[in-house]
Protein chains: 2
Amino acid sequence: MRASLSRYLPILDWGRHYTRASLHSDLLAAVIVTIMLIPQSLAYAMLAGLPPEAGIYASIAPILLYALFGSSRALAVGPVAVVSLMTAAAVGQVAAQGTAGYAAAALTLAGLSGGILLLMGVFRLGFLANFLSHPVIAGFITASGILIAVSQLRHILGIGGGGDTLPQMLTSLARGVGQTNPVTLAIGAGALVFLFWQRRRLKPLLRRMGLSENAATIASRAGPVAAVLVTTLLVWGLGLDRHGVSIVGAVPQGLPPLTMPALSPELVRALLVPALLISVIGFVESVSVAQTLAAKRRQRINPDQELIGLGAANLGAAFTAGMPVTGGFARSVVNQDAGAETPAAGAFTAIGLGLAALALTPLIHYLPTATLAATIIVAVLSLVDLSILRHAWAYSRADFAAVAATIGLTLLIGVEAGVSAGVILSVALHLWNTSRPHIAEVGLVPGTQHFRNILRHEVLTDPCLLTIRVDESLYFANARMLEDRVLDRVTETPSIRHVVLMFSAVNSVDLSAVDSLQALNARLRDMDVTLHLSEVKGPVMDRLRRCHLLHDLTGRVYLSQWDAIAALTPALCAGAPAASPPAGR
Amino acid sequence: MRASLSRYLPILDWGRHYTRASLHSDLLAAVIVTIMLIPQSLAYAMLAGLPPEAGIYASIAPILLYALFGSSRALAVGPVAVVSLMTAAAVGQVAAQGTAGYAAAALTLAGLSGGILLLMGVFRLGFLANFLSHPVIAGFITASGILIAVSQLRHILGIGGGGDTLPQMLTSLARGVGQTNPVTLAIGAGALVFLFWQRRRLKPLLRRMGLSENAATIASRAGPVAAVLVTTLLVWGLGLDRHGVSIVGAVPQGLPPLTMPALSPELVRALLVPALLISVIGFVESVSVAQTLAAKRRQRINPDQELIGLGAANLGAAFTAGMPVTGGFARSVVNQDAGAETPAAGAFTAIGLGLAALALTPLIHYLPTATLAATIIVAVLSLVDLSILRHAWAYSRADFAAVAATIGLTLLIGVEAGVSAGVILSVALHLWNTSRPHIAEVGLVPGTQHFRNILRHEVLTDPCLLTIRVDESLYFANARMLEDRVLDRVTETPSIRHVVLMFSAVNSVDLSAVDSLQALNARLRDMDVTLHLSEVKGPVMDRLRRCHLLHDLTGRVYLSQWDAIAALTPALCAGAPAASPPAGR
C-alpha cells in the first residue's frame with residue numbers, strides 16, 4: 001500500500017527519514033537558490049512576453065508541487081529559457097503581447113502542458129520522448145539560444161520591434177538601430193561585459209581570495225544579482241528612466257493570485273500542438289538535468305514519475321498566474337552544489353520567493369529591462385553549441401542532416417516547424433538507413449568453422465551454393481531489397497542450386513518480411529533452387545513458427561552455417577572443387 | 001553506349017534477337033489478350049466513372065509505350081480494378097461524374113501519375129514503394145475489392161445511387177432496392193452465376209473434352225467475352241433496353257484522339273496526393289505481377305526501369321483520352337500463358353485494340369452495364385482475402401493492427417485515408433517495436449566460451465560484473481532505454497564495478513545512441529563503475545572511431561566477451577567466488 005502510494009508521492013519515501021542535518025543543508029540551499037531565482041524569473045517572464053511577476057509566481061506553486069510529486073532530489077523547476085521562447089511563439093499566435101488575452105493564453109498553455117504531462121505520466125508514455133533524437137534536441141536548443149539572444153538585443157539597444165524568426169528579428173533590428181537609446185545601451189552593454197567577465201573570471205578570483213571551491217562556485221553564480229542591484233540603484237539614483245531607459249515598473253505586491261485558465265475550444269485547439277511540443281521538449285530537458293544530478297549521487301530518477309511531477313508543476317503554474325515551467329539546468333546545479341539533500345529545499349525556495357513577492361517587488365520598480373536582457377543573453381549563449389554540426393558531420397551524413405534541418409528551420413521558420421521537421425526527418429532517415437541493410441555474401445575461412453564476407457577475406461565457396469548474411473532485422477522497408485539481391489545473384493549465376501540466408505544478425509522479422517521470404521522461396525523454387533536458413537535466433541524462430549514459411553520452405557533451417565554447408569555442398573557438388581570463388585565476384 | 005541506352009530502352013536488347021518463332025508466339029498471345037481485354041477495359045472505365053471508350057483507349061498507347069520502355073517481357077498494362085477505384089475516388093472530389101470536367105480530371109490524374117512515376121524512375125526512387133508494408137497492401141487490396149464489388153451491385157439491380165465509402169454505398173443500396181429493375185436483375189444475376197460457374201468449372205470441363213491444359217486455361221478466361229456476347233444479343237434481339245435495361249450506348253468509332261491534360265494549379269494541387277498514391281500502389285501491384293512472371297522463366301525485372309515504363313504508359317494514357325493504368329495481374333498471366341515471349345506481344349495487342357476501336361464499337365451499343373458489373377464483381381472477389389486478418393493476428397499484434405486499420409479505414413473513410421493511415425501506422429509500430437529492444441543479462445555457460453541469458457540458462461556470473469547483450473541496433477528511439485536499464489541495475493546492485501555491453505547483435509549505432517553511451521559512460525564513472533564493450537562489429541567500430549566515445553570510455557573494447565571476462569573478473573574479484581548468481585535475479 002505504502003509502496004504503491006509512494007510511487008506517486010515520493011515524499012512518503014524521503015519524508016520519513018528527514019533529519020535535522022538535512023534541514024540545515026536544505027535551508028542553506030534554498031536561500032542561495034532564492035536569491036539567484038529572482039532576476040532569472042523576471043528575465044524569463046520578459047522573454048515570454050509576460051509581466052515580470054508571472055516569472056516569480058511560476059516559481060512558487062510549481063516548486064512546491066514538484067517537491068511533492070517529483071522523483072529528483074535536487075531538480076529546481078521554474079521558467080527556463082527554451083520553454084519561455086516556445087511560450088512566446090505559441091501565445092503570440094493567438095493574442096497580442098501586453099494584452100490580457102496574452103497572459104490568459106499563457107495560463108491555458110501551462111494548463112494544457114500540465115494535463116498532457118500528467119496523462120503521459122499516468123499512462124507511462126515517457127518513452128515517447130525518445131523519438132526526439134539527440135541531434136534534433138541539440139540542434140533545437142542551439143537554434144533557440146541564438147533566437148533568444150538575438151531577440152534580446154533590442155532591449156540592450158532600447159528600441160522597439162520584435163519578430164519570431166531570425167530574418168524578422170534582424171530586419172526589425174536593422175530598422176530600429178537608428179533610434180538606439182545611448183543610456184540604455186550603456187547600461188545593457190555594461191551589464192553584458194560584467195556578466196561575461198564574472199562568468200569566466202569571478203570564480204578563479206574568489207578562489208584566490210581564499211573561498212572554498214563550492215562557495216566560489218555559488219558566489220560566482222550571484223553575478224546576475226549584483227548586476228541587477230547595481231543597475232537598479234543607478235537608474236533610481238540618477239533618474240535614468242526619465243532619459244528613456246525602459247524599466248520593469250510597477251509589480252503587484254502579494255502572494256500569487258488564484259487563476260482559472262481559459263479553456264475555450266478555439267484556444268485549446270490553437271494551443272494543443274504547441275503545448276505538446278513544450279511538454280515533450282521541457283520533459284526531455286528536465287529529465288536530462290535530473291539524470292545528470294542523480295548519477296552524481298548514484299541515485300536514479302523515474303522518468304514516468306518526472307512526468308507527473310512536471311505535470312503537477314505546470315498545472316500549479318496555470319492556477320496561480322504563472323507560465324509554463326520545467327526543470328532548469330542552472331538553478332538545479334546551484335541547488336545541488338549548495339547542498340540541497342531533499343525536495344524540501346525546493347519547498348523552502350518557494351517560501352523564500354513567496355516572501356520576495358510579498359516584500360521585495362517595490363524594490364525592482366527601477367530595474368532596467370536592459371539588465372534582464374543581458375542576463376538572458378549571457379545565460380542562453382551557453383546553450384549555443386554549433387560544434388554539434390561538426391560532430392554530426394564527422395559521424396554520419398544522416399545525423400548531420402537532422403541537426404542542420406532542425407537548426408535551419410528553427411531559425412528561419414520558427415520553433416514548432418524546427419522541432420517537427422527534425423523529428424520527421426530523423427524518423428525518415430532512420431527508415432532510409434535500415435531500408436538498405438548491409439548484405440554480405442560469405443564463404444568459409446579455410447581451416448575454421450567461421451564465415452566471412454567474400455569481398456574482404458580469402459574464403460572457400462562453392463559454385464552451387466550462395467550464402468547471404470543479412471546484417472539487419474528484416475521489416476517491410478528492407479525485405480524486398482533482400483529478395484531482389486538474392487534473385488539478381490541467382491539469375492546471373494545459373495550454377496547456383498542452393499541459397500542459404502544466414503540470420504545471425506537478424507533480431508526480428510515482421511510479416512512483410514515473412515511474405516517477402518515466402519515470395520523468394522516460391523520464385524527460387526520456380527528456378528529449381530532451394531532456400532535454406534541458418535543461425536536463426538530463438539525469438540525469431542518462435543515468431544516464424546507462427547506462419548507457413550517454415551512449412552513451405554524448400555530447404556531446411558540449420559542451427560549453424562557450418563551444419564548448412566556440411567549438409568549441402570558435399571551431397572550436391574561432390575565432383576566440383578570446393579574452393580573456387582563464384583564467377584564474376 | 002548501347003548498354004546505357006538499352007538501360008532506358010530495353011527494346012534494344014530483345015529487339016536484336018527477335019525471331020520468326022517469337023513473332024508467331026507473340027501474335028497468338030496478342031489475339032487472345034485482345035479478345036479478353038475488350039470487356040475488361042469497358043468494365044474498368046465504367047468503374048472509374050468514365051465513358052467506355054476511355055478503357056479501350058487506355059489499353060492502346062500505354063501498351064505500346066510500355067513495350068518500348070518496360071523491363072518485363074510479359075506484363076500487360078491497362079486499366080485495373082484498384083487503380084480505377086482510386087481514380088473514381090480522386091476525380092469524384094473535383095468534378096461530377098458524367099461531366100466533361102470529370103473525364104478531363106482523369107486525364108490530369110493519369111498525366112500527374114505518369115510524371116511522378118517517370119521522375120521516380122529517373123531518380124531511382126523505386127525503393128520508396130518498400131515503405132508500403134505487405135499488411136497495408138494486402139489490407140488495402142482486400143478492402144478495395146469489397147468496395148468495388150459493393151459499388152457494382154447497383155448496376156446488377158438496375159438502380160441509381162453511389163457513394164465512396166461502404167456505409168454510403170450500403171445506405172444508397174438500401175434506399176434504391178425498391179426500384180430494382182427485374183429484367184436488369186435477371187441479366188446481371190444470370191451473368192454472375194455463369195461467370196462464377198465458368199471460373200470454377202469450365203476449365204475441368206474443357207480438359208475432359210480433350211483440350212490441352214494451356215488451351216483450357218486460356219479458353220476458360222474467355223468467359224466474360226461469352227457473357228458479353230450472349231447478353232448483348234439478348235438485349236438487341238428482345239429490345240430489352242426499352243424495358244429499362246441500362247446499356248453502354250453509343251461509343252465513338254475511331255482511333256484514340258490526341259488530348260492535352262488540363263494542368264491548372266488548383267486541379268494539380270487537388271490531384272497531386274491521389275496521383276502519388278495511385279502511382280505507388282499501381283507500381284507495387286505491377287512490380288509484384290512482373291516479378292512473379294519473370295521468376296517463372298528465371299528472368300529479372302528492373303524496378304526502376306518499371307517505373308519508367310509505367311510512367312510512359314500513364315503519360316500515353318493522358319495524351320490519348322485514356323485513364324490511369326498499371327500492369328494487371330489477370331491480363332499479364334493470360335499473356336504469358338498464351339505464349340507471349342517479348343513485349344512485341346503487347347504491341348500487337350495494342351494494334352488489335354486499335355482495330356476494335358475502329359470497327360467493333362457499334363457492336364457493343366447494346367451491351368448491358370449489368371454484364372460489365374458482373375464481370376467486375378467476379379474479377380475483384382478474387383482480390384478479397386480476409387484471411388490476411390487471421391494470419392496477421394497469429395503472427396504479431398503489430399501487423400494485425402496495420403491490416404485491420406487499413407481495411408477498416410479504407411471501407412469506412414475512403415481509399416486515400418486507408419492507405420495513408422496504414423503507412424503511418426506501420427512506421428509507428430515498427431519504431432515502437434524497435435524502441436523496446438530485447439536486452440538480456442548474460443553469463444558464462446560453464447565449461448564453454450559461450451554466453452547466455454541468465455534468466456533462461458544456468459550460467460556463471462560475478463557480483464562485480466554486469467554483462468548486457470543488446471539484441472537490436474541502437475538508435476534514438478531505444479538508446480535511452482539501454483541507458484536506463486543499465487543504470488537501474490547498477491544502482492540496485494552496489495557490488496557492480498564493471499559493465500560490459502555485448503554488441504554482437506548491434507548492426508548500427510546512430511549519433512543519439514553514441515551520445516547516450518557517452519552519458520552512460522559519464523554517469524557510471526560518477527558511480528565508480530567502468531564501462532566496456534565487446535564483440536563490436538567492423539562497420540560499427542569504423543563508425544565509433546569517428547567520435548569521442550572510444551577515447552572517453554572508462555573501460556576497453558574487447559574482441560570477444562570471453563576476452564572481457566578473462567581480463568576483468570580474475571583481476572578485480574580474485575577473492576570472490578565466480579559462480580554466484582547476482583542477488584535477486
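Keep in mind it's a predicted model, so treat the numbers as computed, not measured. (Residues numbered from 1 in each chain as written. Chains lettered and ligands numbered in written order. Predicted model: local features only at pLDDT ≥ 70, side-chain atom pairs only at ≥ 80, totals over all residues. Heavy atoms only, no water.)

**Q** Sorry if this is basic, but what is going on with a nonpolar patch on the surface here?
**A** Residues and elements named next belong to chain A. Judged by side-chain polarity, L229, V230, L234 and L238 come together as a nonpolar surface patch covering roughly 380 Å² of accessible area. Residue position: L238 is located in helix α12 (residues 223–238). Classification of L238 by relative accessible area gives exposed; the value is 53%. (Patch = residues over 30% accessible without salt bridge, like charges linked within 9 Å, V, L, I, M, F, W, Y side chains within 5 Å. Areas by Shrake-Rupley, 256 points an atom, 1.4 Å probe, with all protein chains shown as cover. Salt bridge = Lys/Arg side-chain N within 4 Å of Asp/Glu carboxyl O. Helix = DSSP H or I, 4+ residues; strand = E, 2+ residues; numbered from the N terminus. Buried < 20%, exposed > 50% of the residue type's maximum accessible area, 1.4 Å probe, protein only.)

**Q** Would you explain the side chain of T569 of chain B in this entry?
**A** Note that T569 of chain B resides in helix α25 (residues 561–572). By relative accessible area, which is 14% here, T569 of chain B ends up buried.

**Q** Even after reading the chapter, I still don't get the sheet that holds strand β3 (residues 439–444) of chain B, so can you show me in this structure?
**A** In any sheet, the strands associate via hydrogen bonds between backbone groups, in a parallel or an antiparallel arrangement. Residue and element names in this part refer to chain B. Taken together, the six strands give an open sheet; going across it, the order is β4-β3-β5-β6-β7-β8, and neighbouring strands pair in mixed fashion. With one partner strand each, in any of the chains shown, β4 (451–453) and β8 (557–558) form the two edges of the open sheet. Judged from the three bridges that link them, β3 and strand β5 (residues 465–470) form a sheet pairing that is antiparallel. Residue pairing for β5: I439 is matched across the bridge by V470. (Pairing = 2+ DSSP bridges.)

**Q** It is not clear to me how the confidence of the model for chain A should be interpreted in this structure. Could you clarify?
**A** Any segment with low pLDDT has predicted coordinates that should not be analysed in fine detail. Residues and elements named next belong to chain A. On average, residues of chain A score 87 in pLDDT, and 96% of them are at 70 or above. Mean pLDDT across the elements of chain A ranges from a minimum in helix α1 (residues 2–8), with 66, to a maximum in strand β7 (residues 530–534), with 95. Note on the complex model: pTM 0.76, ipTM 0.77. (pLDDT = per-residue confidence, 0-100.)

**Q** Where do I start with the environment of A270 of chain B in this structure?
**A** With respect to the secondary-structure elements, A270 of chain B resides in helix α13 (residues 265–296). Note: C-alpha distance between A270 of chain B and P167 of chain B (103 residues apart in sequence) is 24 Å.

**Q** Would you take a moment to explain unusual backbone geometry for this structure?
**A** Most peptide bonds are trans, and most residues other than glycine sit at a negative phi. Residue and element names in this part refer to chain A. Positive phi outside glycine occurs at R124, with the angle close to 55 degrees. The topology assignment puts R124 in the loop between α7 (100–122) and α8 (134–157). Here the phi dihedral of E535 falls at roughly 55 degrees; this positive angle occurs in a residue that is not glycine. Here E535 falls in the partly exposed class, since its relative accessible area comes to 26%.

**Q** Even after reading the chapter, I still don't get the relation of the copies chain A and chain B, so can you show me in this structure?
**A** Think of it as a corkscrew move, a rotation about one axis and a shift along it, taking one chain copy to the other. With an RMSD of 0.1 Å, the fit of chain A onto chain B corresponds to turning through 179 degrees and sliding 0.0 Å along the axis. The superposition of one copy onto the other is thereby described by a two-fold rotation axis. For chain A, the minimum C-alpha distance to the rotation axis belongs to A505 of chain A and amounts to 2.7 Å. A share of 98% of the interface residues of chain A reappears at the interface of chain B, consistent with the copies meeting face to face through the same patch. (Least-squares fit on C-alpha atoms with pLDDT ≥ 70 in both. Contact = heavy atoms within 4.5 Å.)

**Q** What am I meant to see in the nonpolar core here?
**A** Proteins that are soluble and globular tend to have nonpolar side chains buried together. Counting residues in hydrophobic clusters, the biggest one holds 144 residues, and the most contacted among them are V499, L501, F503 and V509 of chain A. The element that contributes the greatest number of residues to this core is α13 of chain B, accounting for 15 residues. Each residue touching F503 of chain A, except ones within four places of it in the same chain, is listed here: V470, L474, V509, L517, L533, S534, E535 and V536 of chain A. Among the nonpolar cores identified, the runner-up in size contains 143 residues, and A74, A88 and V251 of chain A together with V499 of chain B belong to it. (Core = buried A, V, L, I, M, F, W, Y, C linked by side-chain atoms within 4.5 Å.)

**Q** Even after reading the chapter, I still don't get the environment of A370 of chain A, so can you show me in this structure?
**A** Residues and elements named next belong to chain A. Within the secondary structure, A370 sits in helix α17 (residues 369–381). Its relative accessible area of 1% is what places A370 among the buried residues. C-alpha of A370 to C-alpha of A186: the two residues are 184 residues apart in sequence and 9.3 Å apart in space. Contacts of A370, omitting those with residues within four sequence positions, involve H155, I156, T184 and G188.

**Q** I'm lost on the packing of aromatic side chains in this one. Help?
**A** Both the distance between ring centres and the angle between the ring planes are used here to describe each pair of aromatic rings. Using the criterion set out here, one finds eight aromatic pairs over all chains in the structure. Ring geometry for W432 of chain A versus F127 of chain B: centroids 4.7 Å apart, planes at 50 degrees, classification tilted. Taken as a pair, W432 of chain A in helix α20 (residues 415–434) and F127 of chain B in the loop between α7 (100–122) and α8 (134–157) lie in two separate chains rather than in one. A residue is classified by how much of its surface remains accessible, and W432 of chain A, at 30% relative accessible area, is partly exposed. Taking the centre distance of 6.2 Å and the plane angle of 35 degrees together, the rings of F194 of chain B and W197 of chain B count as tilted. (Phe/Tyr/Trp six-rings, centres within 6.5 Å; stacked < 30°, edge-to-face > 60°.)

**Q** How should I be thinking about the pattern of salt bridges in this particular structure?
**A** A side chain with one charge may pair with a side chain of the opposite charge, provided their charged atoms come close. The full count for this structure, using the stated rule, is 10 salt bridges over all chains. D471 of chain A is the partner of R469 of chain A in a salt bridge, and the nearest nitrogen-oxygen pair spans 2.9 Å. Residue D471 of chain A is classed as buried on the basis of its relative accessible area, which comes to 7%. The residue E441 of chain B makes a salt bridge to R489 of chain B at a minimum N-O spacing of 2.9 Å. Placement of E441 of chain B in strand β3 and of R489 of chain B in helix α21 (residues 476–492) is noted, with a sequence separation of 48 residues between them. Each member of the pair, E441 of chain B as well as R489 of chain B, is classed as buried. A single salt-bridge network, built from bridges that share partners, covers E441, R489 and E492 of chain A.

**Q** Please clarify how the packing of helix α5 (residues 61–69) of chain A against helix α16 (residues 344–359) of chain A should be interpreted in this entry.
**A** In helix packing, the relevant descriptors are the interaxial angle and the interaxial distance, both defined with respect to the helix axes. Residue and element names in this part refer to chain A. Remark: α5 packs on α16, axes separated minimally by 8 Å, with the N-to-C direction vectors making an angle of 165 degrees. In this view, α5 runs roughly antiparallel relative to α16, as classed from their interaxial angle. Where α5 crosses over α16, the two elements pack in a sense that is left-handed. The residues of α16 that touch α5, namely those facing I63, L64 and A67, are G346, A347, T349, A350 and L353. Of the residues belonging to the contact of α5 with α16, the class tally is six nonpolar, two polar and no charged. (Axes fitted to C-alpha atoms, helices over the stretch in contact; angles between N-to-C directions. Parallel < 35°, antiparallel > 145°, perpendicular 65-115°, else oblique. Left-handed = near helix turned anticlockwise from the far one by under 90°. Nonpolar A, V, L, I, M, F, W, Y, C, P; charged D, E, K, R; others polar.)

**Q** What's the story with the environment of V82 of chain B in this structure? I'm lost.
**A** All names here are of chain B. Along the chain, V82 turns up in helix α6 (residues 81–91). Since its relative accessible area comes to 1%, V82 is described here as buried. Between the alpha carbons of V82 and A43 there is a distance of 12 Å; along the sequence they are 39 residues apart. When sequence neighbours within four positions are dropped, the list of residues in contact with V82 reads F140, S144, I148, I281, E285 and L383.

**Q** Just to check I follow, could you spell out the interface of chain A and chain B for this structure?
**A** Accessible area lost on assembly of the parts is the figure often given for the size of an interface. Between chain A and chain B, the residue contacts involve 66 residues of the former and 66 residues of the latter. With both sides pooled, the region where chain A packs onto chain B buries about 6,000 Å², and carbon together with sulfur makes up 55% of that total. In this assembly, chain A and chain B are joined by zero salt bridges. Of all the secondary structure elements, the ones that give two or more residues to the side of chain A that touches chain B are α8, α13 (265–296), α18 (387–395), α20, α21 (476–492), α22 (511–526) and α23 (538–544) of chain A. The dominant element in the side of chain A that touches chain B, judged by the number of residues it contributes, is α21 of chain A, at nine residues. Across the side of chain A that touches chain B, the residue classes tally to 30 nonpolar, 18 polar and 18 charged. (Buried area = accessible area lost by both parts, 1.4 Å probe.)

**Q** Help me out: how do you make sense of the pairing of strand β6 (residues 498–502) of chain A in this one?
**A** Successive side chains on a regular strand alternate, one facing one side of the sheet and the next facing the other. Residues and elements named next belong to chain A. Among the five residues in β6, five count as buried, and that is most of the element. Burial of the side chains of β6 extends over both faces: H498, V500 and M502 are buried on one face and V499 and L501 on the other. Bridge count between strand β5 (residues 465–470) and β6: five bridges; the pairing is parallel. If you follow I468 over to β6, its bridge partner there is L501. Note that the unit made of β5, α21 and β6 has a crossover that is right-handed. Relative to β7, β6 runs parallel, the two sharing five bridges. (Right-handed = clockwise from strand over helix to strand, strands pointing away.)

**Q** Honestly, helix α3 (residues 20–47) of chain B in this entry has me stumped. Any pointers?
**A** The periodicity of an α-helix, 3.6 residues per turn, causes residues three or four places apart in sequence to face the same way. In this model, α3 of chain B (28 residues) spans 39 Å end to end at C-alpha, consistent with the 40 Å of a helix rising 1.5 Å per residue. A maximum bend of about 35 degrees is found in α3 of chain B at L37 of chain B, where proline P39 of chain B lies one to four positions downstream. (Expected span 1.5 Å × (residues − 1). Bend = angle between axes of the 7 residues up to and from the residue.)

**Q** Sorry, what's going on with the pairing of β7 of chain A here?
**A** Residue and element names in this part refer to chain A. Extensive coverage of β7 is indicated by the burial of four of its five residues. Following the backbone out of β6, through α22 and into the adjacent parallel β7, one traces a crossover that is right-handed. Here two bridges tie β7 to strand β8 (residues 557–558), and the two strands are oriented parallel to one another. Pairing of S534 across the sheet is with Y558, part of β8.

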